[in-house]
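Letter by letter, the chains look like this.
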Amino acid sequence: AKARLALYKYLYNNPNTDLNSVAIFGESTGGVDGEGYILFMLSIFSSVFTIYAIVMMGKTMAGELHDGTMKMQLLRPVSRRAIISAKYLAVTTVTFALYIILFIMLILIGGGIFKFSGGDVLMVINAQSVVKTSYATVFVLYMISYLFQTFAYIVLTMFLGNVTKGAGTSTALAIVALLFLGSIETLLGYIVIGYAGFTINLSWISALTLSGPSLNFMNLYSMLAISIVWILGLILGSYISFERRDI
């Protein structure tokens, strides 16, 4: 409701805004255009790529710990910190490359099958302020959000791979977290306690839509802060647990 009020206030203060050439971010237009196709397909493939990254990290870390491959790597004059950093870099690089390839393909397909509207976008930030921007900015924000979320689950899988005994366990737990944490966060939000910072809030892109968080103290900046602390904590936990683990 607050987001819509902010939007209506903007339109009232800017009566010359042409709604035929300006889209409202987060509101359905009733049709399909190139921009909408790209955003929709990105939302679908982000889950696919995240699951792929989880499986790949589970096999890379927990799988090698389980089958003894890690022992051979530790015989080399390389620190454990360097080994775990290399695995982070490898899985993250491959996954991010897939995102870039997908994005290029979606632009080509979206422009070939559907027409790009080419108009500007009204984006509501934190259900308070409204900015007029381009779809290029929206695409960049979406890509950053999805890359951020995927990396968070890569980190989670790495941590679980260090504290569990098998690749299957760490992979399954990470996928369960991916599937259910969003629902748990929503449930906690309904009973208020979730938005005090208990949940991970990886989907911070929601703070830029008409259905964004309604509580004043849960906004884009607090979501980012919680997510960054969550990720840094898991990275630190991964390094510490791997350094102390008997292999």
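As a starting point, this report considers the structure included with it. (Residues numbered from 1 in each chain as written. Predicted model: local features only at pLDDT ≥ 70, side-chain atom pairs only at ≥ 80, totals over all residues. Heavy atoms only, no water.)

Moving on to the overall build of the protein chain. Within the protein chain, the secondary structure is distributed over 7 helices and 3 strands. Here the protein chain, with 247 residues, has 45% of them falling under the buried criterion. If you take every contact in the protein chain between residues at least 6 apart in sequence, the share linking residues at least 24 apart comes to 75%. Carbon together with sulfur atoms contributes 67% to the accessible area of the protein chain, which is approximately 13,100 Å² in total. (Helix = DSSP H or I, 4+ residues; strand = E, 2+ residues; numbered from the N terminus. Buried < 20%, exposed > 50% of the residue type's maximum accessible area, 1.4 Å probe, protein only. Contact = heavy atoms within 4.5 Å. Areas by Shrake-Rupley, 256 points an atom, 1.4 Å probe, with all protein chains shown as cover.)

Describing two packed helices takes the angle between their axes plus the distance from one axis to the other. Where helix α4 (residues 80-113) contacts helix α5 (residues 135-163), the axes come no closer than 11 Å and their chain directions differ by 150 degrees. By the angle class used here, α4 and α5 are roughly antiparallel. Relative to α5, the crossing made by α4 is right-handed. For the pair α4 and α5, contact is made by Ile84, Lys87, Tyr88, Val91, Thr92, Thr95, Phe96, Tyr99, Ile100 and Phe103 and by Phe139, Met143, Tyr146, Leu147, Thr150, Phe151, Ile154, Val155, Met158 and Asn162, respectively. Each residue belonging to the contact of α4 with α5 can be placed in one class, and the counts come to 15 nonpolar, 4 polar and 1 charged. (Axes fitted to C-alpha atoms, helices over the stretch in contact; angles between N-to-C directions. Parallel < 35°, antiparallel > 145°, perpendicular 65-115°, else oblique. Left-handed = near helix turned anticlockwise from the far one by under 90°. Nonpolar A, V, L, I, M, F, W, Y, C, P; charged D, E, K, R; others polar.)

Once that is clear, we can look at the packing of aromatic side chains. Considering all chains together, one arrives at 6 aromatic pairs under this definition. Judged by centre distance (5.5 Å) and plane angle (70 degrees), the ring pair of Tyr142 and Tyr146 falls under edge-to-face. Within this pair, Tyr142 and its partner Tyr146 are both found in helix α5, separated by 4 residues, close to a single helical turn. Assigned by exposure class, Tyr142 and Tyr146 land together as buried. Grouping aromatic residues by their ring pairs yields a cluster made of Phe45, Phe49 and Tyr99. Sitting above the plane of the Phe242 ring, Arg80 keeps its charged end 5.6 Å from the centroid. (Phe/Tyr/Trp six-rings, centres within 6.5 Å; stacked < 30°, edge-to-face > 60°. Lys NZ or Arg CZ within 6 Å of the ring centre and 35° of its normal.)

Here we take up the environment of Gly58. The residue Gly58 is located in helix α2 (residues 34-67) in this model. Residues Gly58 and Gly161 lie 103 residues apart in sequence; the distance between their C-alpha atoms is 6.3 Å.

Before going further, it helps to examine the packing of α5 against helix α7 (residues 220-244). The N-to-C vectors of α5 and α7 enclose an angle of 30 degrees; their axes lie 9 Å apart at closest approach. With respect to α7, the element α5 is oriented roughly parallel. Here α5 runs over α7; the crossing is left-handed. Of α7, the residues touching α5 (which contributes Phe148, Phe151, Ala152, Val155, Leu156, Met158, Phe159, Asn162 and Val163) are Ser227, Ile228, Trp230, Ile231, Leu234, Ile235, Gly237, Ser238, Ser241 and Phe242. Classifying every residue of the contact of α5 with α7 gives 14 nonpolar, 5 polar and no charged.

Attention now moves to the nonpolar core. In this structure, Met57, Met61, Tyr88 and Phe242 are the most contacted members of the largest nonpolar core, which totals 24 residues. Elements that contribute at least two residues to this core include exactly α2, α4, α5, α6 (167-190) and α7. If one sorts the elements of this core by residue count, α5 sits on top with 8 residues. Counting 19 residues, the second-largest nonpolar core is a separate cluster that includes Leu39, Met41, Leu106 and Tyr142. (Core = buried A, V, L, I, M, F, W, Y, C linked by side-chain atoms within 4.5 Å.)

Because the α-helix completes a turn every 3.6 residues, residues three or four places apart line up on one side. Between its first and last C-alpha atoms α4 spans 49 Å; for 34 residues at 1.5 Å apiece the expected length is 50 Å, and the two agree. Contacts from the buried residues of α4 go to α2, α3 (69-74), α5 and α7. (Expected span 1.5 Å × (residues − 1).)

Bear in mind that shape data such as this cannot, by itself, settle questions of function.
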